[in-house]
Every structure is written in C-alpha cells, then in structure tokens.
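Here's the letter readout for the chains.
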Amino acid sequence: MPSIFPCHPRRTLAACLVACLVTSAAAAAPSEAPAADEIAQRPIAGPVTITRPDFGSEPPAPIDKKRAATLPFRLAPAATLPLLPDEAAPESVTIEGPAEATPEQMAAFIRRRNPQPKLNCTVEELVGYYYEEAGREGIRPDIALCQALKETGFFAYGGDVIPSQNNFCGLGTTGGGVRGAKFATPELGVRAHIQHLLAYASRELPSAPIIDPRYELIVTEHPDIHGQITHWTQLNGVWAVPGKTYGQDILRLWAAAKAPDGSDTSLAAAMAKVKNAPDDASAYLYRGIVYEKRGDLTAAHSDFTAAHTLAPHELAALYDLALLKAQIGEKKEALTLYKTLLDEHPGFFPAAYNRGLLALEANRPKDAMDDFRRALNANPQSAPAQNALAICELRLQDYPAAWASLERAAQINNADFDVLANQILLDACVKQEQTTKKKK
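To keep things clear, this report deals only with the structure shown in the data block. Note that this is a predicted model, so its numbers are computed, not measured.

**Some remarks on the pattern of salt bridges**
- Within the structure shown, the criterion is met by 17 salt bridges.
- A salt bridge links Lys258 to Glu100, with the shortest nitrogen-to-oxygen separation between them at 3.1 Å. Placement of the pair is Lys258 in helix α8 (residues 246-258) and Glu100 in the loop between α2 (65-70) and α3 (103-113), with a sequence separation of 158 residues.
- Residue classification places Glu100 among the partly exposed residues on the basis of a relative accessible area of 42%.
- Asp367 is the salt-bridge partner of Arg364, the closest N and O atoms lying 2.8 Å from each other.
- By sharing partners, the salt bridges in this structure join Glu133, Arg136, Glu137, Glu187 and Arg191 into a single network.

**Describing unusual backbone geometry**
- Notably, Phe155 is not glycine yet its phi reads approximately 65°, a positive angle.
- Structurally, Phe155 can be placed in the loop between α5 (141-152) and α6 (186-201).
- The exposure class of Phe155 is buried, given its relative accessible area of 0%.
- In this model, Asn363 sits at a positive phi of 60°, which is unusual for a non-glycine residue.
- Along the chain, the position of Asn363 falls in the loop between α14 (349-361) and α15 (365-378).

**A short note on the environment of Val274**
- Position of Val274 among the secondary structure elements: in helix α9 (residues 264-276).
- Residue Val274 is classed as buried on the basis of its relative accessible area of 9%.
- Between the C-alpha atom of Val274 and that of Tyr286, which follows or precedes it by 12 residues, the distance is 8.8 Å.
- Once residues lying within four places of it in the same chain are set aside, the contact partners of Val274 are Ala283, Tyr284 and Arg287.

**Considering the packing of helix α16 (residues 383-395) against helix α18 (residues 417-427)**
- At a minimum axis separation of 10 Å, α16 and α18 run at an interaxial angle of 25°. With respect to α18, the axis of α16 lies roughly parallel. Here α16 runs over α18; the crossing is left-handed. From α16, Ala383, Asn387, Ile391 and Leu394 reach across to α18, where they touch Asp418, Val419, Asn422 and Leu426.
- Counted by class, the contact of α16 with α18 contains five nonpolar, two polar and one charged residues.

Parameters and conventions
Residues numbered from 1 in each chain as written. Predicted model: local features only at pLDDT ≥ 70, side-chain atom pairs only at ≥ 80, totals over all residues. Heavy atoms only, no water. Salt bridge = Lys/Arg side-chain N within 4 Å of Asp/Glu carboxyl O. Helix = DSSP H or I, 4+ residues; strand = E, 2+ residues; numbered from the N terminus. Buried < 20%, exposed > 50% of the residue type's maximum accessible area, 1.4 Å probe, protein only. Contact = heavy atoms within 4.5 Å. Axes fitted to C-alpha atoms, helices over the stretch in contact; angles between N-to-C directions. Parallel < 35°, antiparallel > 145°, perpendicular 65-115°, else oblique. Left-handed = near helix turned anticlockwise from the far one by under 90°. Nonpolar A, V, L, I, M, F, W, Y, C, P; charged D, E, K, R; others polar.

Dropping the structure here:
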C-alpha cells in the first residue's frame, strides 16, 4: 500500500511524538522532572526496542526556526551522586585482590541505577556469579562487576551487544554492528569476562576450563599485554580505545557502590568517623553524604563545607559541595567550585557536564558548548554529552550542526530515547512545503 504521506514518510511518527512531548511538558511541574544518579547512563527500563527512522546526515530542507524554538528538546539530567575521596590513588588499585563492597551493596547499587536490568537471571544471581568466578581466580569481583556496569550501561545495553548474548564486557565487539561473543548462560558470560581480565593481569592459567574466545589471542599474539596489565587504569587505551579515563571511570563506579546510604546504621558509623578523625575531610564527606541521602541538606552543606575547608583541592570535596550548592539554588557558588575543580582535574566528566547544564540554564550556549566538548574529550562515547552539544547548537540556530550532532549521538547509543526524541522533534521542524518541492 502506498504511503499516505509520500512527501514525508516520518511525519506521522514525528507528529505523534511532538504532540506527546509537548503535552507532557505542559502538564509536568518542574519538581516532577526525573532524577538520575549519574550522567550518561540513564537506563531504559524493561525490554524496550527502538525502531529508528533513517534521518539522514543533514536536514532535507530548511528548519522552521519559530517551531524549533517552541519544542521541548530533551537533555539527560545532571549527575547528582556525591563522591567519597579515593581511598588510594586510582593508579594503585590492582585488578587482582579481594572485594571491598559486599554482594548486597553491589545488588542494591545496580537496582538503584536500573530497577529493571535486561538480564537472563536475577540481579542477585549475577552478583553471586561475579563473586564466585572472580573470587576463584583472584580477581576483585566488585570492580569487575563495575566494569560490566560501565560496558552495558547498568545492563540497559543499547550498543552492539544485546542482552541475550550474556556478554557483559564487550568480548569480541569491534563496533559497526559487530555483536561479539555469545554465551549460553549468564554464569558462563561472567566466567569469560573474568578469564579475559586474568589474561591481562596474570600469566597463571584460569582454574576453570577456558571459555573466553579471545584468551589465547592475548596469550599468543600480545605478549606486551599478557600478564602485564595489573592495574585497572592500565586498561586505558587497551581494553577500551581511546578510553583515556576507562579505568578511572570503573573505579568511580566502585566508589559509588561503596558509598553510604541514608540508614540509621550509616549515620551512626558516620558520627563515629567524625568523632575519631575530626580533622579528616573524608569523615565529613562520608557524614555529609548520609545527611544528603536522609534529606537533611542543611547538615549536608555544613559537612561538605567543612570537608572543603580541610581539603580545598580534594576532587570529592569540591564536587560534593558544588552538587549541594546547585541543589539548594546557589548556582554562582556551584559554578565557582566547578571552575576550580576543572582547572585542577580537567578530565572529570561529571563536573564538565554539570557545568555545561548550568551554563545552558543561564542562556549561555557558547559556554555550555565548551563544557560539553570537554566532557566528550574525556568520554567520547557519551551520547548524553553529544546530545547536549546538539541542544547548544539548536539554541544558536545552527540547525545543520545540531542535526549532525544528534546523528553522532545516535551512533554512540541507538537506544537513547532522549536522542531519538530530539531527532524526531527536529525532523518535525523541517519545512514540509520545500521538502515537497524538492522531491517533485
């Protein structure tokens, strides 16, 4: 049957989504905006499949500026999860060693970030497999699991690997739609992941029969890697390319998994930390995080300020206080803290992204673009940062650039709904009359 929209086959989909988003934007109060613990990894809950239209590499006709200015283009929210200081320099954390986070902490961390992970077993079963397989081989199970969380977007997927593969670390995936290895069960997928880490970190053979399809490749063809990559930060540019902060990103997830919650037990432990070490910034950060999770922002602000006073150059002290300042509406103070942080830690992705959002909020899209580009330099595979760059270009009415940025964001993560929604919204702004003339 011929299309009833021969000039614009995507127009019905665009119109429906535009109507839906405009209606929801008008109905929702600002306080109802969705929250997220960390940028760039907002998962799609449940077994969602996105069928993407082919938008092309450039707009097929000029964009209606008035319409583009009225539509609710979407941004991933700011990072909001405060940090504890690294207990050791990231470069010193070894791949081999015991766990520090408990299985219960890891399961709760996954569920907080993605209540409906796309797994072929329960969260608890998967965590158990990591602790069993990694524990047997001498690999840190909690950090190996954090690597899986980074690789899969907290088991939301969206890249080349799909959930049915039970491939939790991108084994055999080279991009461009290459799916990589597939394993019959989640347990075997975890075993292959741990064996691949072992091939990097040790020259000892795995205890279990080898099922990692690339283990022998590392052993026979990469003697410069086999047994030589003993620390997580050494995976930068090796496991992930370019992956300039690949290992550090994994360790930040690990730190977040170990962070305290808002329970009375955590508060009692926090009080003891401050009492026993009244001059230790990390004790105040720990207690501040507990207060923040309990909703006591005044007490959290006091503790984060104390930590910043004791350790003015500590990344976590700067970052946590900046988060709190933004949360309570002290945006100028937050920007000042982010500037100091990024001057001293220029590759810290969450601060760059958050500062970019504040600049956009203040209607400074050019400043925001600088920050989102900084974020992309730190993490080139961030679809939310690439999407945010497109929003800046839309604000500046550079529609061809925005179209191209959204296309790049879709290539990074083809299951990011914010990106798809923005592509459809921008597509709905194409002047249909000129498109019709062009096609005739």
